[in-house]
Amino acid sequence: MENDMFCYQCEQTAGGKGCVKFGVCEKSPEVSNLQDLLIHQLKGIGFYGEKCLEKGEKIPSKINKFIADTMFSTLTNVNFDPERFVEYNIKANKFKRKLMRMAGDISNAPNNADYLAPENKRGMLLASENIGIMANEDLDMDIRSLRELLIYGLKGMAAYAHHSYVLNKFDDKVNGFFYKGLSATLNDSLTVDDLFNLNMKLGEVNLRCMEMLNKAHTDAYGHPTPTEVSITKKKGPFIIVSGHDLKDLHELLKQTEGKGINIYTHGEMLPAHGYPELNKFDHLVGNFGGAWQDQQKEFDNIPGAILMTTNCLMKPRESYSDRLFTTSIVGFPNTPYISEENEKKDFSEVINKALELGGFPDDEKDKKITVGFGHKAVLSHAEKIVDSVKKGNIKHFFVIGGCDGARSGRNYYTEFAEKTPKDTIILTLACGKYRFNKLKFGTVEGLPRLLDVGQCNDTYNAIVIAKALSEAFDCDINELPLSLVLSWYEQKAVAILLTLLHLDIKNIYLGPTLPAFVTPNILQVLTDKFKLTPISTADKDLEAILG
Ligand code: SF4
Ligand code: SF3
């Protein structure tokens, strides 16, 4: 094989084309190839699962959960442990056999749908040589592009389905679409139009999935309310909790109560402070550091423990690999892992490590930012907002958010936010907010100009807000004085973009670069149909938006 691996699923892919020797994210060829094999296995599972559903069979929830968990595990910066993917591939064989039995006799199964992987790593790696993204060199480029778009959208949705599962929320339509979408990528009779429509459908189903997750979060922890969060260090032992899983944070908060340990949120865990049932713990003391790509520098020699609940995990440096813990679908070789037994996690190891390391020696001078502007909190001011827009005192709304990343072009988002006029409001979400969330934006009409709506999945909140405003103004969302300026990095951003396009939201600005897996033809369709626009400079784009 010419390349050791092939992966182009994220924004930092090598040379803007594909990682072929080693992942820019540090994913090894071994892991990449085992992931390819797993995705291939899941496509067949999708085919037989779809047939079972057509027959009215009920698929066991452990198989639905397996699909969400394992697709999520292949998302960028989640799991780097080859042994985990060996285990997942073996389990995939078992679940595929089960679905094949349930589906009964099928005459028109696509090639390889019934493929079962060898049950050892060596065999798996050999087998993976023939099934990667580029294995079929004759495949039409646009078909490949739309199949990959669908797979990455499914990976993104899998993350949100996984977070919902852990809080006991399920949805048949969401589960069903995993089978349909995966199966479609094996179906050679589907045209470019068919696959395009399936991607739009994924956008619709992902909206439902984000809504389910929003309900899971708010049912468990209350509706976010505006909350001040300290962003400075406090004296004493501590644990930093990163990722998106609020349940893990809640468990850890309960298990550390009264133990003299401070808990800090990190990255996408920042919005947790807005939830009343999480914020009520006094030892949830603040937010630590910046976005994910700063972690190696910020965790270097840190005198406390770190818990990574989901992405984004970078290769741990030796100076903190003994104190960084992974859990759930996250993993890195030779890094401590907290498993779940009977739906319970015991964080004693993390707690003991934090106590042993002693923590920060002193308090820093306190600084604060505000989070917690979910749709309830924002829409409690709806009347005032509508009135101010009608009077011309609030001129425009911007949604500036998405994933952060390491590329230098991402300064665009800082500059853009800084240059928005004083009579405009910025809604922000996901880790892209760290580009500007510690700057002072002041207020307009008594409202903060920067409203932190939450995690990437809280795009659902931004959509509810936009829909409510469009109803109040009796207009289409595209007629609102609202612009979306988004950054992407990994596959959740792909799912979210498909949701926004499904809602027919036009004129989205997207950067810092366009996905390598989108061909020029497909990009042209997105530009023509939705006026999707690559970012240029903050000045030019602001001028184009505000005129
Ligand atoms: Fe490269 Fe991104 Fe794939 Fe990692 S996830 S191997 S950086 S394309
Ligand atoms: Fe960030 Fe990884 Fe995507 Fe949830 S934490 S948005 S990049």
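Residues numbered from 1 in each chain as written. Chains lettered and ligands numbered in written order. Predicted model: local features only at pLDDT ≥ 70, side-chain atom pairs only at ≥ 80, totals over all residues. Heavy atoms only, no water.

## Observations regarding the pairing of strand E5 (residues 305–308)
The side chains of a regular strand alternate, residue by residue, between the two faces of the sheet. Put simply, the test is: Burial classification: accessible surface area is computed with a 1.4 Å probe over protein chains only, and a residue below 20% of its type maximum counts as buried, one above 50% as exposed, and the rest as partly exposed. Labels follow the DSSP assignment, with helices taken as runs of H or I lasting at least four residues and strands as runs of E lasting at least two, numbered in each case from the N terminus. We call two strands paired when DSSP finds no fewer than two bridges between them.
Alternating residues of E5 divide into Ala305 and Leu307 and Ile306 and Met308, and every residue in both groups is buried. Here strand E2 (residues 238–242) pairs with E5 via 4 bridges, running parallel. Bridge assignment links Ser242 to a residue of E5, and that residue is Met308. The pairing of E5 with strand E6 (residues 324–327) spans 3 bridges and is parallel. In the sheet register, Ile306 faces E6, and the bridge partner there is Leu324.

## Remarks on the domain arrangement of the protein chain
Which entries qualify depends on this criterion: For the domain bounds, the source is a domain assignment made automatically or taken from a database. Any two residues having at least one pair of non-hydrogen atoms within 4.5 Å are treated as being in contact. Reported buried area values correspond to the accessible surface (1.4 Å probe) lost by two parts on association, with both partners' losses combined. Here, a salt bridge means any Lys or Arg side-chain nitrogen found within 4 Å of an Asp or Glu carboxyl oxygen. In protein, a polar contact requires one atom able to donate a hydrogen and another able to accept it; more generally it is a pair of N or O atoms within 3.5 Å, and residues adjacent in sequence count only if both atoms are side-chain atoms. Residue type decides the class: Asp, Glu, Lys and Arg count as charged, Ala, Val, Leu, Ile, Met, Phe, Trp, Tyr, Cys and Pro as nonpolar, and the leftover types, Gly among them, as polar.
Domain boundaries in the protein chain define domain 1 (14–219), domain 2 (227–357) and domain 3 (376–546). The straight-line distance from the C-alpha centre of domain 1 to that of domain 3 is 30 Å. With 32 residues of domain 1 at the interface, the matching set in domain 3 holds 31 residues. A combined buried area of about 2600 Å² lies between domain 1 and domain 3, and 70% of that area is made up of carbon and sulfur atoms. Looking only at domain 1, the three residues that lose the most surface to domain 3 are Tyr160, Leu207 and Met210, adding up to 20% of its buried area. Linking domain 1 with domain 3 are 0 salt bridges, by the criterion used here. Summed over the shared surface of domain 1 and domain 3, the result is 9 residue pairs in polar contact (both at pLDDT 80 or more). For the side of domain 1 that touches domain 3, the elements supplying multiple residues, two or more each, are helix H5 (141–166) and helix H7 (192–221). With 14 residues, the single largest contributor to the side of domain 1 that touches domain 3 is H7. A per-class count over the side of domain 1 that touches domain 3 returns 15 nonpolar, 11 polar and 6 charged.

## A few points about the site of ligand 2
Here is the rule we go by: Proximity is defined per residue: any heavy atom of the residue falling within 4 Å of a molecule or strand makes that residue near it.
Taken together, His244, Glu268, Trp292, Asn311, Cys312, Cys403, Ala430, Cys431, Cys456, Tyr489, Glu490 and Lys492 make up the full set of residues adjacent to ligand 2. A class-by-class count of the residues in the shell around ligand 2 yields 7 nonpolar, 2 polar and 3 charged. When we break the shell around ligand 2 down by domain, the ones giving at least three residues each are domain 2 (227–357) and domain 3 (376–546).

## A short note on helix H15 (residues 459–472)
Selection rule: A helix is expected to span 1.5 Å multiplied by its residue count minus one.
In this model, H15 (14 residues) spans 20 Å end to end at C-alpha, consistent with the 20 Å of a helix rising 1.5 Å per residue. Inspection of H15 places Thr459, Tyr460, Asn461, Ala462, Ile463, Ile465, Ala466, Leu469 and Ser470 among the buried residues, and these make up the whole buried set. Asp474 occupies a position one or two residues after H15 and carries a positive phi of about 50°.

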